[in-house]
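Chain residues, written in single-letter form:
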Amino acid sequence: MAGEKEVMEATLEYARKMDEADEFRKFRGEFHIPRKTVPSEDEASRKIETLYFCGNSLGCLPKRTRALVNEELDVWADLGVEGHFSSTNPSRPWVITDEFVQEESASVVGAKPHEVAVMNSLTVNLHLFMISFYKPTETRFKIIMEGHAFPSDRYAVRSQVEMRGQDPDAAIIEITPRAGEHTLRTEDIVARIEQEGSSVALVMFSGVQYYTGQFFDLQALAAAAHKVGAYAGFDLAHAVGNVPLKLHDWGADFACWCTYKYLNSGPGNIGGAFVHERHGAGEHLDRLAGWWGHKLTSRFDMDQPFEPIPGAFGWRLSNPPVLCVAALLGSLQVFQEAGGVVALRAKSEKLTGYLEFLLNTVLEKGTVQIITPSDPVQRGCQLSLLFLKDSSLEKVEKAMLASPPICDTRKPNVIRVAPTPLYNSFEDVFRFVEWLAVTLKE
């Protein structure tokens, strides 16, 4: 019947049936799935395709990326410095190389193109925007963030607070879950923002929490921050390319992200940043300036006072690394061909829902607890598994070395499993849970 929820099955046949019906299955062929050398009974070792669930740390390599990067290397070899100019390099002149990823980057985060810049790396961008948006006074000086935020965020926040002459213990408020719970309730976050009121200068949260996989209600957090007169900024490292985002409509003041996780741009690659258009002129904000944030029309005159480009580009410092941008372009092209994050979200919910179903159905009770919210609205593709027996994580880590799965672990007892809709299949999910069940029994 219409509207009836599909009954899932813990069988390989069901997983393959779901893969056959998957409209996005062709995109797996756009990626190199990592391979691993494992022991074999009949020979010393063999290479196998992995069950790769680590897109939350590093996405797979898009096959077209190599060609795009090689194109830029060829331009460098053939033209040298003249690769910068449209007169000699009309396809992708380096002087505007980041503009070739601007529109699709804006689409991925739900922004207008002029609100987005691809630049630097994530923590660098967080520092740049905290210089602009964290302006403590005698009475308004606090930053509210989630407890157990990613360490780099905590280090950045603390160093910014200390540089402004504030006491971190008084200025930084970290909100933790209720007793016996692993994730935060939106109402508790909002209530704390309201409680601190006019003393709050900045609310800065992750989009998706790196450890638990919780997807925060960013619209509600931005609204709560603005209600008390504070700014709202977000670290989208685990959200971008994973969950639908509407930064412009939600009213975020700024956001920063990396591109090497779900955006598959390569290890340590370039970051991205968003500044809402209401701040685009930047006239009321402090900022660090660099020549690539200066208007292009007079940038190369070399003797002008700083004239910022309106929008996020005005926060750029230096010319973007061309090879990094080319690598990002490869992945963004695949996203565009797939219809974007919004289109992929339906598969992502089914894929992660199937993982959750299998974990709850196949594994022995009392071995694993899923600490990621069960509500699909409150999570992306990642599920975080808490092992309830002390030795289990060590056993799983050791077994993974000689087995197909690749997942990452977080001490003392959590692994993160992130089935990614562009290149993971339902059969991948089935085989992973099958392997985990056997491993935990050994």
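Residues numbered from 1 in each chain as written. Predicted model: local features only at pLDDT ≥ 70, side-chain atom pairs only at ≥ 80, totals over all residues. Heavy atoms only, no water.

## Thoughts on the side chain of arginine 64
Structurally, arginine 64 can be placed in helix α2 (residues 63-79). In this structure the side chain of arginine 64 is engaged in a polar contact, spanning 3.3 Å, whose partner is the side chain of glutamine 333. Apart from the residues within four sequence positions on either side, arginine 64 is in contact with Glu30, Gly330, Gln333, Val334 and Glu337. (Helix = DSSP H or I, 4+ residues; strand = E, 2+ residues; numbered from the N terminus. Polar contact = N/O pair within 3.5 Å; in protein donor to acceptor, adjacent residues only side chain to side chain. Contact = heavy atoms within 4.5 Å.)

## Brief notes about the packing of helix α1 (residues 12-20) against helix α14 (residues 426-441)
Interhelical geometry of α1 versus α14 gives an angle of 155° and a closest axis separation of 7 Å. As the angle between them shows, α1 and α14 are arranged roughly antiparallel. In this structure, α1 contributes Leu12, Ala15, Arg16, Met18 and Asp19 to the contact, and α14 contributes Phe426, Glu427, Phe430 and Arg431. Grouping the constituent residues of the contact of α1 with α14 by class yields five nonpolar, no polar and four charged. (Axes fitted to C-alpha atoms, helices over the stretch in contact; angles between N-to-C directions. Parallel < 35°, antiparallel > 145°, perpendicular 65-115°, else oblique. Nonpolar A, V, L, I, M, F, W, Y, C, P; charged D, E, K, R; others polar.)

## Some details on the sheet that holds strand β6 (residues 116-118)
If you walk across this open sheet you meet the seven strands as β6-β12-β11-β10-β9-β7-β8, and the pairing is mixed. Because the sheet does not close on itself, it has two edges, and the strands there are β6 and β8 (172-175). Ignoring strand direction, the axes of neighbouring strands in this sheet form an average angle of 15°. Along the sheet, helix α3 (residues 102-109) contacts β6 and β11 (254-258); its crossing angle with β6, the most-contacted strand, is approximately 120°. (Pairing = 2+ DSSP bridges.)

## Here we look at unusual backbone geometry
In this model, lysine 411 is joined to proline 412 through a cis peptide bond whose omega is 10°. With respect to the secondary-structure elements, proline 412 resides in the loop between β16 (408-410) and β17 (414-417). Of note, the phi angle at histidine 148 is positive, near 60°, even though the residue is not glycine. With a phi close to 55°, asparagine 264 is a non-glycine residue in the positive phi region. Mapped onto the secondary structure, asparagine 264 falls in the loop between β11 and β12 (271-275).

## Things to note about the nonpolar core
In terms of nonpolar packing, the biggest core is built from 61 residues, with Val109, Phe205, Phe234, Leu236, Leu245, Trp257 and Leu422 touching the most fellow members. In terms of residues, this core owes the most to one element, helix α11 (residues 322-338), which gives seven residues. Ignoring anything within four residues of it in the chain, the contact list for valine 109 reads Val116, Val240, Leu245, Lys246, Leu247 and Trp257. (Core = buried A, V, L, I, M, F, W, Y, C linked by side-chain atoms within 4.5 Å. Buried < 20%, exposed > 50% of the residue type's maximum accessible area, 1.4 Å probe, protein only.)

## Focus on the environment of glycine 311
Mapped onto the elements of the fold, glycine 311 is located in the loop between α10 (296-299) and α11. Judged by its relative accessible area of 5%, glycine 311 falls in the buried class. Beyond its immediate stretch of four places on either side in the chain, glycine 311 contacts His114 and Gly280.

## Quick look at the packing of α2 against α11
Following both chains from N to C, one finds α2 and α11 inclined at 145°, their axes separated by 8 Å at the closest point. Our pair here, α2 against α11, has a crossing hand that is right-handed. Where α2 abuts α11, its residues Arg64, Thr65, Leu68, Val69, Glu72 and Leu73 lie against Val322, Leu323, Ala326, Ala327, Leu329, Gly330, Ser331, Gln333, Val334 and Glu337. In the contact of α2 with α11, the residues fall into nine nonpolar, four polar and three charged. (Left-handed = near helix turned anticlockwise from the far one by under 90°.)

## Focus on helix α12 (residues 340-362)
Taking 1.5 Å as the rise per residue, α12 with 23 residues should run 33 Å; its terminal C-alpha atoms sit 33 Å apart, in good agreement. The sharpest bend along α12 reaches about 35° and sits at alanine 346. (Expected span 1.5 Å × (residues − 1). Bend = angle between axes of the 7 residues up to and from the residue.)

## Some thoughts on the sheet that holds β17
Within the open sheet, the four strands sit side by side as β13-β14-β17-β16. Their pairing is antiparallel. Taken across any chain shown, the strands that pair with only one partner, and hence form the sheet edges, are β13 (368-370) and β16. Each strand of the sheet is rotated relative to its neighbour by a mean of 30°, with strand direction disregarded. Relative to β17, strand β14 (residues 383-387) is paired through four bridges, and the arrangement is antiparallel. Residue pairing for β17: leucine 385 is matched across the bridge by isoleucine 415. Packing against the sheet, helix α13 (residues 392-400) makes contact with β14, β16 and β17, and its axis sits at approximately 160° to β16.

## Remarks on the environment of arginine 431
Its location among the elements puts arginine 431 in helix α14. On a C-alpha basis, the gap between arginine 431 and alanine 15 in space is 9.4 Å, while along the polypeptide they are 416 residues apart. Once residues lying within four places of it in the same chain are set aside, the contact partners of arginine 431 are Leu12, Arg16 and Leu51.

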